[in-house]
Amino acid sequence: QVQLVESGGGLVQAGGSLRLSCAASGRTFSRYAMGWFRQAPGKEREFVTGISASGGGTAYADSVQGRFTISRDNGKNTVNLQMNSLKPEDTGIYYCAQFLNPWVDRLRVGSWGQGTQVTVSS
């Protein structure tokens, strides 16, 4: 079972930037796609972005396309999320996720992190 630990959340003003990181331990990190989901108060958890096992393929929700960038370092077992031009509607708990396949399949998540809070003030 993989363990995922997020860091980097916090409070930022609209238009600002934050960088989230997720450190993974356990089964072989480089074999599986990774991603980020978020959950706003009173809403369901939603897919934000994902990256394939090799790092060669990425996917983004329409709401973050062009503002967020996902990356991974298979040598360090980490996945990062650079968030720019943040909006109040980006507020929520951000969860790191490991998918069950080498490709991004948002319906097949094998492991979740505990989440990190991101708050964007207007």
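(A) A look at the packing of aromatic side chains. Inspection of every chain in the model, using the stated rule, returns four aromatic pairs. A ring pair is formed by Phe 37 and Phe 99, whose centres lie 6.1 Å apart and whose planes are at 45°; its orientation type is tilted. In this pair, Phe 37 is assigned in strand 4 (residues 34-39) and Phe 99 in strand 9 (residues 92-99), connecting sequence segments 62 residues apart. Measuring from centroid to centroid gives 4.9 Å for Phe 37 and Trp 112, while their planes differ by 70°, and the two rings are edge-to-face. One end of the pair, Phe 37, is in strand 4; the other, Trp 112, is in strand 10 (residues 109-112), and 75 residues separate them in sequence. For Phe 37, a relative accessible area of 6% gives the class buried.

(B) Representation of the state of the cysteines. All told, the structure shown has one disulfide when counted by the stated rule. Each sulfur of the disulfide joining Cys 22 and Cys 96 lies 2.1 Å from the other. As the torsion about the S-S bond is roughly -80°, the Cys 22-Cys 96 disulfide counts as left-handed. Residue Cys 22 is found in strand 3 (residues 18-25), and its partner Cys 96 is found in strand 9; the two are separated by 74 residues along the sequence. Overall, Cys 96 belongs to the buried group, its relative accessible area being 0%.

(C) Quick peek at the pattern of salt bridges. Summed over the entire model, instances satisfying the criterion amount to three salt bridges. Put simply, Asp 90 and Arg 38 hold a salt bridge, and the shortest N to O gap is 2.9 Å. With Asp 90 in the loop between strand 8 (78-83) and strand 9 and Arg 38 in strand 4, this pair connects stretches of sequence that are 52 residues apart. Take Asp 90 and Arg 38: they sit in the same class, and that class is buried. Ionic pairing is found between Asp 90 and Arg 67, a salt bridge with its closest N-O pair at 2.8 Å. One end of the pair, Asp 90, is in the loop between strand 8 and strand 9; the other, Arg 67, is in the loop between strand 6 (58-60) and strand 7 (68-73), with 23 residues separating them in the sequence. By relative accessible area, which is 0% here, Asp 90 ends up buried. Using a relative accessible area of 11% as the deciding quantity, one classes Arg 67 as buried. Through salt bridges with shared partners, a single ionic network connects Arg 38, Glu 46, Arg 67 and Asp 90.

(D) Examining the sheet that holds strand 7 more closely. The antiparallel open sheet is built from four strands, whose spatial order is 1-3-8-7. Strands at the two margins of the open sheet, each flanked by one partner only, are strand 1 (3-7) and strand 7. Strand after strand, the sheet turns through a mean of 15° between neighbouring axes, direction not considered.

Scoring rules and cut-offs
- Note that residues are indexed from 1 along each chain, following the sequence as it is written.
- For this predicted model, a pLDDT threshold of at least 70 governs which residues receive local features, and a threshold of 80 or more governs which side-chain atom pairs are given and counted, while totals over whole chains, interfaces and linings are taken from all residues.
- Side-chain numbers come from the whole structure's heavy atoms, not from hydrogens or water.
- Here a Phe, Tyr or Trp ring, Trp counted by its six-membered ring, pairs with any other such ring whose centre lies within 6.5 Å, and the pair is stacked when the planes are under 30 degrees apart, edge-to-face when over 60, and tilted otherwise.
- Comment: elements are numbered from the N terminus, with helices defined as DSSP H or I runs of at least four residues and strands as E runs of at least two.
- Buried residues are those whose accessible area, probed at 1.4 Å on protein chains only, stays under 20% of the maximum for their type, while exposed residues exceed 50% and partly exposed ones sit between those limits.
- Cysteine sulfur atoms are paired as a disulfide whenever they come within 2.5 Å of each other.
- Salt-bridge detection follows one rule: a side-chain nitrogen of Lys or Arg within 4 Å of a carboxyl oxygen of Asp or Glu.
- Should DSSP find at least two bridges between two strands, the strands are taken to pair.
- In this analysis an axis means a line fitted to C-alpha atoms, helices contributing only their contacting stretch, and an angle means the value between N-to-C directions, from 0 to 180 degrees.

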